[in-house]
Amino acid sequence: MVRDIVIYPDKRLKEKSAIVTEFNEELHQLLDDMYETMIAKKGVGLAAIQVAVPKQVLIINIPIEGKEGAEAQPKENTLEVINPVFLETSGKCKGQEGCLSVPQYFEDVERFKYVKVKYQDRYGKEHIIEDDDFLSIALQHENDHLLGKLFIEKLSILKRKKFEKEWKKRVNKM
């Protein structure tokens, strides 16, 4: 089921997500709904709080080049991350980010280049993943949601003020 995306400045996006303790059908349904929602909204990642569920759950599915829609992001390629813990981070990189909760706004953000993350899958089994490419950035971006943070908070004061001004104009037009 495709769920509604929580849009900035909704206060729920500031909420810190709770640790998942039950790996049951309810969690599996949430993960399945998140995948359907991410595909429908043309996203690469999604945190549970973005569909109004304050749990430490995120998904990422980096599109396959040359493919479109769900074909570019088959469900079996979805990384389901529950209760992530960053074990190591290093280096710096800067790249353009966007967010389904801040639609149609993109800006360069500085992140760690390399991350090593311990997490659980939908069944509660622990895994460790490490990356120094786009997945690294996506993991950090989605994990920020679990901490009640948005990528726009990483902008310089000047860029943040510009964003707020533009966002206010956009909201007033709706």
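Preceding this section is the structure that the text describes.
About the cut-offs
- Residues numbered from 1 in each chain as written.
- Predicted model: local features only at pLDDT ≥ 70, side-chain atom pairs only at ≥ 80, totals over all residues.
- Heavy atoms only, no water.
- Salt bridge = Lys/Arg side-chain N within 4 Å of Asp/Glu carboxyl O.
- Helix = DSSP H or I, 4+ residues; strand = E, 2+ residues; numbered from the N terminus.
- Buried < 20%, exposed > 50% of the residue type's maximum accessible area, 1.4 Å probe, protein only.
- Expected span 1.5 Å × (residues − 1).
- Polar contact = N/O pair within 3.5 Å; in protein donor to acceptor, adjacent residues only side chain to side chain.

With respect to the pattern of salt bridges
According to the stated counting rule, one finds 13 salt bridges in the structure shown. One salt bridge connects Lys 159 with Glu 107, and the closest N-O pair in it is separated by 3.2 Å. Of the two residues, Lys 159 is situated in helix H4 (residues 157-173) and Glu 107 in strand E5 (residues 102-111); the sequence distance between them amounts to 52 residues. The salt bridge involving Asp 144 is made with Arg 111; its shortest N-O contact spans 2.7 Å. Remark: Arg 111 occurs in strand E5 and Asp 144 occurs in helix H3 (residues 134-146); sequence separation between them is 33 residues. For the pair Asp 144 and Arg 111, one class covers both residues: buried.

Some points on helix H1 (residues 25-40)
Here H1 contains 16 residues, and its C-alpha end-to-end distance of 22 Å stays within 8% of the 22 Å for a straight helix at 1.5 Å per residue. Regarding H1, its N-cap is Asn 24, as a side-chain oxygen of that residue lies 3.2 Å from the backbone nitrogen of Glu 26 further along. Remark: Lys 42 follows H1 within two positions and exhibits a positive phi of approximately 60 degrees.

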